[in-house]
There are 2 protein chains.
Amino acid sequence: MGDGSKGRGAAGMLGLKLGLYIITYEDPAMGYGHLDVARAALDGGADALQLRGKEISGRDMYYLALRMGEMVNDSGNRCLFFVNDRVDVAIAARADGVHLGQQDLPASRARSLTGEGMILGISATTVEEAKRARSDDADYLGVGPVFATPSKADAVAPIGLEGLARIRESVELPIVAIGGIDVENASSVFEAGADGIAVISAVTAAKDMLEAVRRLRSLVDACL
Amino acid sequence: MGDGSKGRGAAGMLGLKLGLYIITYEDPAMGYGHLDVARAALDGGADALQLRGKEISGRDMYYLALRMGEMVNDSGNRCLFFVNDRVDVAIAARADGVHLGQQDLPASRARSLTGEGMILGISATTVEEAKRARSDDADYLGVGPVFATPSKADAVAPIGLEGLARIRESVELPIVAIGGIDVENASSVFEAGADGIAVISAVTAAKDMLEAVRRLRSLVDACL
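Residues numbered from 1 in each chain as written. Chains lettered and ligands numbered in written order. Predicted model: local features only at pLDDT ≥ 70, side-chain atom pairs only at ≥ 80, totals over all residues. Heavy atoms only, no water.

### A look at the overall build of chain A
Looking only at helices and strands, one finds 10 helices and eight strands in chain A. By principal-axis analysis of the C-alpha atoms, chain A measures approximately 45 × 40 × 35 Å. In chain A, buried positions account for 56% of the 224 residues. When contacts within chain A are restricted to residue pairs at least 6 apart in sequence, long-range pairs at least 24 apart make up 59% of them. In the structure as shown, chain A presents an accessible area of about 9,400 Å², 50% of it carried by carbon and sulfur atoms. Seen as two clouds, the 23 positive and the 31 negative side-chain charges of chain A have centres 3 Å apart. (Helix = DSSP H or I, 4+ residues; strand = E, 2+ residues; numbered from the N terminus. Buried < 20%, exposed > 50% of the residue type's maximum accessible area, 1.4 Å probe, protein only. Contact = heavy atoms within 4.5 Å. Areas by Shrake-Rupley, 256 points an atom, 1.4 Å probe, with all protein chains shown as cover. Lys, Arg positive; Asp, Glu negative; His and termini not counted. Charge placed at Lys NZ, Arg CZ, Asp CG, Glu CD.)

Right under this line is the structure:
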């Protein structure tokens, strides 16, 4: 552990493809749930799908993860499926990987639980966090928030394209940029060195989620 | 799995001693935290200690669990240490076991993660839940709420001593009764067939937590 090389886990072996990474959300008042976002992500051709919901009970998270894993398999797409925060749920539901924020279980401990067979993603806002994630054997980084975002009211201040570029220069891990990314600014994010974009609002706030995913898909394909 | 026999896990081998089982809580406004409750539990001679805090981040839960595990070891007491809900945290912090409610990861999935080396406790309110927990390889049951309790505003209706006795008759697993138990009613709970009592408020609402644990300890010793 911590030899400073790239992650040893599943990511390297898979040749991680994370260009369009969609994170689920639910808004009962707006009439959609996590599975609706997953459906649009899969039908629209996302490369990765993450189930995130801090307020969901362990049991509901497990059953949602099971269902999403089935949806991915049934779709026949090569879409990677991640569970946010709950390493136990990710393992129990046989997700492809787990994504951890800085307030979640420490990455090195998570790796002990998942073993090398699962993909480990870590959120990083600073160069220091990015380097630590690399030495903790992360397979990719979620870097941001790049721009201000309505989806995370408690998020830290945006790091901007400059902050993203600094982290890009400091580590060789795949970087998925996150935070306020949409069809208008996505190309600038790729220009700053991101390997992929993670979105929530750009999909869930759209009138037609599937159409939003398709537009993002075309844009990512044009940028990569 | 699920052969209907008693749990195959660590509990059977250890000859589980769960007479006085104390669950942590924090109330910053009252000036105490999880570690203060743990300190009182250990100094007062509790048989088991459970870290519970649904609102705690994965990272904080992990570090709290590590610290509590150290406190238990340093005390020299033979006190079992459990983590509530988070199977990943329990494993990462090398707790003796994990305790799961009906809204947490399903017990059979949790057992796959912990293996046979950890103690698995499951909350049960009904005979049906108790029997399912047994077939899911639980090592002990947390049964309640026996009485109304101020610690869990969202708890279901109390099952009373009658409900406890019905579950006692239906399964042979060790039963730790929970919910509104204090020095006044504890002996009736043991008479109804409990092998132990789990308390929160009976300790945390006391002016002197250590003194409260000691009084409960004497009472449990007199009942068992």
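What follows picks up the thread again.
### Topic: the environment of Ala157(A)
Checked against the element boundaries, Ala157(A) lands in the loop between β6 (140–143) and α7 (160–170). Residues Ala157(A) and Thr125(A), spaced 32 residues apart in sequence, show a C-alpha to C-alpha distance of 9.3 Å.

### Topic: helix α3 (residues 58–75) of chain A
Between its terminal C-alpha atoms α3(A) stretches 25 Å, which fits the 26 Å expected from 18 residues at 1.5 Å a residue. The complete set of buried residues in α3(A) reads Gly58(A), Arg59(A), Met61(A), Tyr62(A), Leu64(A), Ala65(A), Met68(A), Gly69(A), Met71(A) and Val72(A). Taken together, the buried residues of α3(A) touch α2 (34–43), β2 (48–51), β3 (80–84) and α4 (87–92) of chain A together with α5 (107–114) of chain B. Positioned one or two residues after α3(A), Gly76(A) has a phi angle of 75°, which is positive. (Expected span 1.5 Å × (residues − 1).)

### Digging into the confidence of the model for chain A
Residues and elements named next belong to chain A. For chain A, mean pLDDT is 92; residues scoring 70 or higher make up 92% of the total. Overall, residues 1–13 carries pLDDT values under 50, and its contacts beyond four positions in sequence, including any with other chains, amount to 29 contacts. The ipTM, which scores confidence in the relative placement of chains, is 0.87 for this predicted complex, and the corresponding pTM is 0.90. (pLDDT = per-residue confidence, 0-100.)

### What to know about the sheet that holds strand β4 (residues 97–100) of chain A
All names here are of chain A. Judged by pairing direction, the barrel is parallel, and its eight strands sit side by side in the order β1-β2-β3-β4-β5-β6-β7-β8 before closing back on the first. Looking at each pair of strands side by side, their axes are set apart by 25° on average, direction ignored. As paired elements, strand β5 (residues 119–124) and β6 share four bridges and run parallel to each other. For serine 123, the partnering residue across the bridge sits in β6 and is glycine 142. (Pairing = 2+ DSSP bridges. Axes fitted to C-alpha atoms, helices over the stretch in contact; angles between N-to-C directions.)

### Topic: unusual backbone geometry
For residues other than glycine, phi is negative in most cases, and the peptide bonds are mostly trans. All names here are of chain A. Across the junction of glycine 144 and proline 145, the peptide omega takes the value 0°, indicating a cis bond. The residue aspartate 85 is not glycine, and still its phi comes out positive at about 75°. If you trace the backbone, aspartate 85 turns up in the loop between β3 and α4. Take aspartate 85: its relative accessible area is 9%, and that puts it in the buried class.

### Quick word on the pattern of salt bridges
In this structure the tally under the stated criterion is 26 salt bridges over all chains. With a shortest N-O distance of 3.4 Å, Arg39(A) and Asp43(A) are connected by a salt bridge. Placement of both Arg39(A) and Asp43(A) in helix α2 is noted, with a separation of four residues, approximately one turn of the helix. We classify Arg39(A) as partly exposed; its relative accessible area is 34%. In this structure, Glu70(B) and Arg67(B) form a salt bridge, with 3.0 Å as the shortest nitrogen-oxygen distance. You can see Glu70(B) and its partner Arg67(B) sitting in helix α3 (residues 58–75), three residues apart, about one turn around the helix. One salt-bridge network, in which partners are shared between bridges, spans Lys54(A), Asp85(A), Asp104(A), Arg86(B) and Asp88(B). (Salt bridge = Lys/Arg side-chain N within 4 Å of Asp/Glu carboxyl O.)

### Examining the relation of the copies chain B and chain A
When chain B is brought onto chain A, the operation consists of a screw motion whose angular component is 180° and whose axial shift is 0.0 Å, with 0.0 Å RMSD remaining. On this basis, the relationship between the two copies can be described by a two-fold rotation axis. When C-alpha positions in chain B are compared against the rotation axis, the closest is assigned to Asp88(B), at 2.5 Å. Looking at the interface residues of chain B, 100% of them are also at the interface in chain A, so both copies use one shared face. (Least-squares fit on C-alpha atoms with pLDDT ≥ 70 in both.)

### Here we look at the sheet that holds strand β6 (residues 140–143) of chain B
Residue and element names in this part refer to chain B. Around the barrel, eight strands lie side by side as β1-β2-β3-β4-β5-β6-β7-β8; this closed barrel has parallel pairing. Between one strand axis and the next, the sheet turns through 25° on average, direction left out of account. In the packing of α5 onto the sheet, the strands contacted are β4 (97–100) and β5 (119–124), and the crossing angle to β5 comes to about 165°. On the sheet, helix α6 (residues 127–135) packs against β5 and β6 and is oriented at approximately 165° with respect to β5.

### With respect to the environment of Asn84(A)
All names here are of chain A. When you line up the elements, asparagine 84 lands in strand β3. Assessed through its relative accessible area of 5%, asparagine 84 is described here as buried. Asparagine 84 sits 23 residues away from methionine 61 along the chain, and the two C-alpha atoms are 9.8 Å apart. Apart from residues no more than four positions distant in its own chain, asparagine 84 is found in contact with Gln50, Leu51, Arg52, Lys54, Met61, His99 and Asp104. There is a polar contact of 2.8 Å between the side chain of asparagine 84 and the side chain of glutamine 50. (Polar contact = N/O pair within 3.5 Å; in protein donor to acceptor, adjacent residues only side chain to side chain.)

### Quick word on the interface of chain B and chain A
Tallying the contact residues gives 22 residues for chain B and 22 residues for chain A. Carbon and sulfur atoms supply 53% of the area that chain B and chain A bury against each other, a total of about 1,800 Å² over both sides. It is Arg59(B), Asp88(B) and Leu105(B) that lose the most area in chain B upon contact with chain A, and together they represent 31% of the buried surface on that side. Taken together, the connections running from chain B to chain A amount to two salt bridges. One salt bridge in this structure joins Asp85(A) and Arg86(B), with 3.3 Å as the shortest N-O distance. Linking chain B with chain A are 15 residue pairs in polar contact (both at pLDDT 80 or more), by the criterion used here. Among the elements of the structure, α3, α4 (87–92) and α5 of chain B are those that each provide at least two residues to the side of chain B that touches chain A. (Buried area = accessible area lost by both parts, 1.4 Å probe.)

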